[in-house]
Amino acid sequence: MVATVSDLTPREQESEVLLKVENVELRFGGVRALHDVGFEIRKGQIFSIIGPNGAGKSSMLNCINGFYHPTSGTLTYKGQPRKHMRPYVTASQGIARTFQNIALFKGMSTLDNIMTGRHLKTKASLLENAFWFGRARREELEHRRFCEEIIDFLNLQHVRKTPVGTLPYGLQKRVELGRALAAEPELLLLDEPMAGMNLEEKQDMARFILDVNDEYGTTICLIEHDIGVVMDLSDRIVVLDHGEKIGEGTPREVSNDPKVIEAYLGVQEQESA
Amino acid sequence: MMFFLEVLIGGLLAGVMYALVALGFVLIFKASGIFNFAQAAMVLFAAMFMGGMHNDWGLPYWLAIPITLVIMIGVAWVIERVVLRPMVNQEPIILFMSTIGIFFALIGFAEIFWGSRSRTLDVGIPSDPIFLGDMLLQSYDLITAAIVAALVVGLVFFSQKTRMGRVLRAVADDHQAAQSVGIKLSTVWVVVWSIAGLVAVVAGIVWGGALGVQPVMVDVAFKALPVLLLGGLTSIPGAIVAGLIIGAGEALAEVYLGPIIGGGIDSWFAYIIAMAFMVWRPEGLFGEKIIERI
């Protein structure tokens, strides 16, 4: 099914396209991870990418944040087509992310991890920082305040000083979200934010995602296996299978699409039966 | 008993000097996972420039040392550009091999520039005997230990209290996560190798003062190796503690064990100590425990 503008709610039609993905192809030697994938993420959306294991979801995310470079096809972010952009450049353009297998700085405290997220917001020079001069110090205090807000927002006060390597899984996921938020991203990529969580933790995380979207207006692109969660959260969903797009639309449209049901939801139902 | 203490303290102080070289290895390994074989060459390189500028050009040390520091930052920049950047994402063993290349390149370059004759490097650290009660100590060793302690405190402060330090710790923990928050790895490599260069300058002053500046200085690397094995490749406190253990063990063994087995044990005894510890803790005293999921 191909997306048309009429599928979108009035609010979405008005908002501009933040990221446009066109005909993206990604190959590793002979392996084709993505083939002719295209979609649009609009400002303020919660956009989900779903699909069975190995469908190419994480590969897509890695293309968006610059870890991978598409073999062919184009990514247009904020109206600018881009090629071979490195992760630190995409980060500086407002793309932040979390990882499927938590990638935190394990030896550092929660606060330090989140402070690292402020990296690009710091303007004092290397030398000033090295010697902790006036401007560096003032800036550090401002960032510290901002990070404390995030800590409050995510209910992480009690583990502020704890090395994150020692925290339980659910909390680590939350710290990772906090680090991404610290960058004040325009586009937030979440790679399975609820994987391995219990029901209560999932509910918490879902609430945080909705709050981030609501309060900061952050556009969110999300990969998630829990179909229930995806259906509840998403404004729009794209379905991948074997590296190809097999469906796109609102949660309702996608869940009624026979191709999607066959490739993904069908399997799910058999498993639970 | 007094004699035992004298030997012990003398050994500990010598160990501080081993730790200093090991520190340079640890800094780079921790941040980038590269075992930098060239660290010892960096020590010799720095020492040759300091000694050369002072003896051949007549520059005072307060000028020669900062100039050498700037040169070491330049070296770090060149290494990042010419060696590390093209090698990105290669296997650790390949990066290790390329640091062997850097080892010979640095020594070769320094010898083209200064020739291979040996020089003195005396920045004015007094080397008088000091009596502490009845105990005889060398002021050179004590001052060296103080310099190293100051260096370590400085490094710890830099790493724990500054933003750049936090960035370095972040990169040491997880490269991909660091990139995703906008950290530019190439800048970090230059900073890390520059800091290793600073440590090499200090080691060059200390070792150059003790041995004179000559090619045999790179042998200190072979003293740093057991220190690294013992302390763990990723721990700064580990490097210090292991340096002390090896220094003390070596000195005591030389005095008490040497006569029994006929002397000449200082070149290999450090390795025996390191290996004995490794049977008990293969990851080193302070190294990260390697837990593999199967």
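Under an unreviewed UniProt entry, the name given to chain B is Branched-chain amino acid ABC transporter permease, and the organism recorded is Alloalcanivorax xenomutans. Chain B has a UniProt comment under Sequence similarities (unreviewed entry) that states "Belongs to the binding-protein-dependent transport system permease family. LivHM subfamily." Recorded in UniProt for chain B, the comment headed Subcellular location (unreviewed entry) runs: "Cell inner membrane".

A. Inspection of the overall build of chain B at higher detail. Tallying secondary structure elements over chain B gives 11 helices and two strands in all. What you see for chain B is a C-alpha radius of gyration of 19 Å, in line with the 19 Å of a compact globule of 294 residues. Out of the 294 residues belonging to chain B, those deemed buried represent 48%. Considering only contacts within chain B whose residues lie at least 6 apart along the sequence, 75% involve residues at least 24 apart.

B. Seen up close, the environment of Thr98 of chain A. Checked against the element boundaries, Thr98 of chain A lands in the loop between strand 6 (95-97) and helix 4 (110-116). Once residues lying within four places of it in the same chain are set aside, the contact partners of Thr98 of chain A are Glu176, Leu177, Ala180, Leu190, Asp191 and Pro193 of chain A.

C. Highlighting the pairing of strand 1 (residues 17-28) of chain A. Residue and element names in this part refer to chain A. Bridging between strand 1 and strand 2 (residues 31-42) involves eight bridges; their strand directions are antiparallel. From the neighbouring strand, Val17 faces strand 2, where its bridge partner is Arg42. Remark: two residues form the turn of the hairpin made by strand 1 and strand 2, two consecutive strands paired antiparallel; Gly29 in that turn has positive phi of roughly 60°. Both strand 1 and strand 4 (residues 72-77) contribute to a ladder of five bridges, which runs antiparallel. When the sheet's bridge partners are listed, Glu22 is paired in strand 4 with Thr74.

D. Region of the structure containing the sheet that holds strand 1 of chain A. Residue and element names in this part refer to chain A. Pairing within the open sheet is antiparallel, and its four strands lie in the order 2-1-4-5. Of all strands in the sheet, those with a lone pairing partner are strand 2 and strand 5 (80-82), marking the two edges. Neighbouring strand axes in the sheet, compared pairwise and without regard to direction, differ in orientation by 20° on average.

E. Main features of the packing of helix 1 (residues 2-32) of chain B against helix 10 (residues 236-261) of chain B. Residue and element names in this part refer to chain B. Contact geometry for helix 1 and helix 10: axes closest at 6 Å, N-to-C directions at 140°. It follows from the interaxial angle that helix 1 and helix 10 lie oblique. Along this stretch, helix 1 crosses helix 10, giving a crossing that reads as right-handed. Here the residues of the contact of helix 1 with helix 10 are counted per class, giving 19 nonpolar, five polar and one charged.

F. How the structure looks around the UniProt feature "transmembrane region" (unreviewed entry) in chain B. Residue and element names in this part refer to chain B. Under the local residue numbering, the UniProt record ascribes the feature "transmembrane region" (unreviewed entry) to residues 6-27, 59-80, 92-115, 135-158, 188-207, 227-248 and 255-280. Between the end C-alpha atoms of residues 92-115 the distance is 33 Å, and the span holds 96% helix and 0% strand. Counted over residues 135-158, helix gives 83% and strand 17%. Its end C-alpha atoms are 36 Å apart.

G. Structural context of the domain arrangement of chain A. Residue and element names in this part refer to chain A. The domains assigned to chain A are domain 1 (1-94 + 185-273) and domain 2 (104-183). At the junction of the two partners, domain 1 supplies 11 residues and domain 2 supplies nine residues. Counting only elements with at least two residues in the side of domain 1 that touches domain 2, the list comes to helix 3 (87-92) and helix 8 (199-216). Take the side of domain 1 that touches domain 2: its biggest share by element is four residues, from helix 8.

H. Just helix 6 (residues 163-173) of chain B, in detail. By the criterion of burial, helix 6 of chain B is predominantly enclosed, with nine of the 11 residues buried. Taken together, the buried positions of helix 6 of chain B are Arg163, Met164, Arg166, Val167, Leu168, Ala170, Val171, Ala172 and Asp173 of chain B.

I. A look at the interface of chain A and chain B. Tallying the contact residues gives 29 residues for chain A and 19 residues for chain B. Here the element with the most residues in the side of chain A that touches chain B is helix 3 of chain A; it accounts for four residues. Across the side of chain A that touches chain B, the residue classes tally to 16 nonpolar, eight polar and five charged.

J. Structural context of the sheet that holds strand 9 (residues 236-241) of chain A. Residues and elements named next belong to chain A. Across the sheet, six strands lie side by side as 6-7-8-3-9-10; this open sheet has mixed pairing. Each having just a single partner strand, strand 6 and strand 10 (244-249) make up the two edges of the open sheet. When the angles between neighbouring strand axes are averaged without regard to direction, this sheet yields 20°. For strand 3 (residues 46-50) and strand 8 (residues 219-223), the ladder comprises four bridges, and the chain directions are parallel. Bridging across to strand 8, Ile46 finds its partner in Ile220.

K. Looking closely at the pairing of strand 1 (residues 129-132) of chain B. Residue and element names in this part refer to chain B. For strand 1 and strand 2 (residues 135-138), the ladder comprises four bridges, and the chain directions are antiparallel. The partner of Leu132 across the bridge, within strand 2, is Met135. Between strand 1 and the antiparallel strand that follows it, strand 2, lie two residues; Gly133 among them carries a positive phi value of about 65°.

L. Molecular detail of the packing of helix 2 (residues 39-55) of chain B against helix 3 (residues 61-84) of chain B. All names here are of chain B. Between helix 2 and helix 3, whose axes approach to 9 Å, the crossing angle comes to 145°. As helix 2 packs across helix 3, the resulting crossing turns out to be right-handed. Each of Ala46, Phe49, Met50, Met53 and His54 in helix 2 lies in contact with helix 3, whose residues at this interface are Tyr61, Ala64, Ile65, Ile67, Thr68, Ile71 and Met72. By residue class, the composition of the contact of helix 2 with helix 3 is 10 nonpolar, two polar and no charged.

M. Fine view of the nonpolar core. In this structure, Leu20, Ala22, Val43 and Val192 of chain B are the most contacted members of the largest nonpolar core, which totals 169 residues. Looking at this core element by element, the count peaks at 18 residues for helix 8 (residues 185-211) of chain B. Viewed by domain, this core spans two of them, domain 1 (1-94 + 185-273) and domain 2 (104-183) of chain A, each represented by three or more residues. Sequence-distant contacts of Val192 of chain B, that is, excluding residues within four places in its chain, are made with Leu27, Ile28, Ala31, Ser32 and Leu168 of chain B.

Definitions and limits used
- Starting afresh in each chain, residues are numbered from 1 along the sequence in its written order.
- Think of it this way: whatever chain is written first is A, whatever ligand is written first is 1, and the rest follow in order.
- Per-residue local features of the predicted model are confined to residues with pLDDT of at least 70, and side-chain atom pairs are confined, for both listing and counting, to 80 or more; whole-chain, interface and lining totals are unaffected and use all residues.
- UniProt positions are given in the numbering used here, feature names are shortened, and annotations may be inferred rather than shown by experiment.
- Every helix listed is a DSSP run of H or I at least four residues long, and every strand listed is a run of E at least two residues long, numbered separately from the N terminus.
- Two things to know: the radius of gyration comes from C-alpha atoms, and the globule rule equals 2.2 Å times the number of residues to the power 0.38.
- Here exposure depends only on C-beta density: within 10 Å of a residue's C-beta, 20 or more other C-beta atoms make it buried, 12 or fewer make it exposed, and intermediate numbers make it partly exposed, the C-beta atoms being placed from the backbone.
- Residue pairs qualify as contacts under a 7 Å threshold applied to their C-beta atoms, which are placed from the backbone.
- Paired strands, in this sense, are two strands between which DSSP finds at least two bridges.
- Convention adopted: a line fitted to C-alpha atoms gives each axis, helices being fitted over their contacting stretch, and angles between N-to-C directions are expressed from 0 to 180 degrees.
- The labels follow the angle: roughly parallel below 35 degrees, roughly antiparallel above 145, roughly perpendicular from 65 to 115, and oblique for the rest.
- Handedness of each helix crossing follows the sense of rotation of the near helix against the far helix: counterclockwise by less than a right angle gives left-handed, clockwise gives right-handed.
- In the scheme used here, Gly and all other residues not listed as nonpolar or charged are polar, with Ala, Val, Leu, Ile, Met, Phe, Trp, Tyr, Cys and Pro taken as nonpolar and Asp, Glu, Lys and Arg as charged.
- Residue ranges for the domains trace back to a domain assignment, done automatically or taken from a database.
- For this entry, the nonpolar core is defined as buried Ala, Val, Leu, Ile, Met, Phe, Trp, Tyr and Cys residues connected by C-beta atoms within 7 Å.

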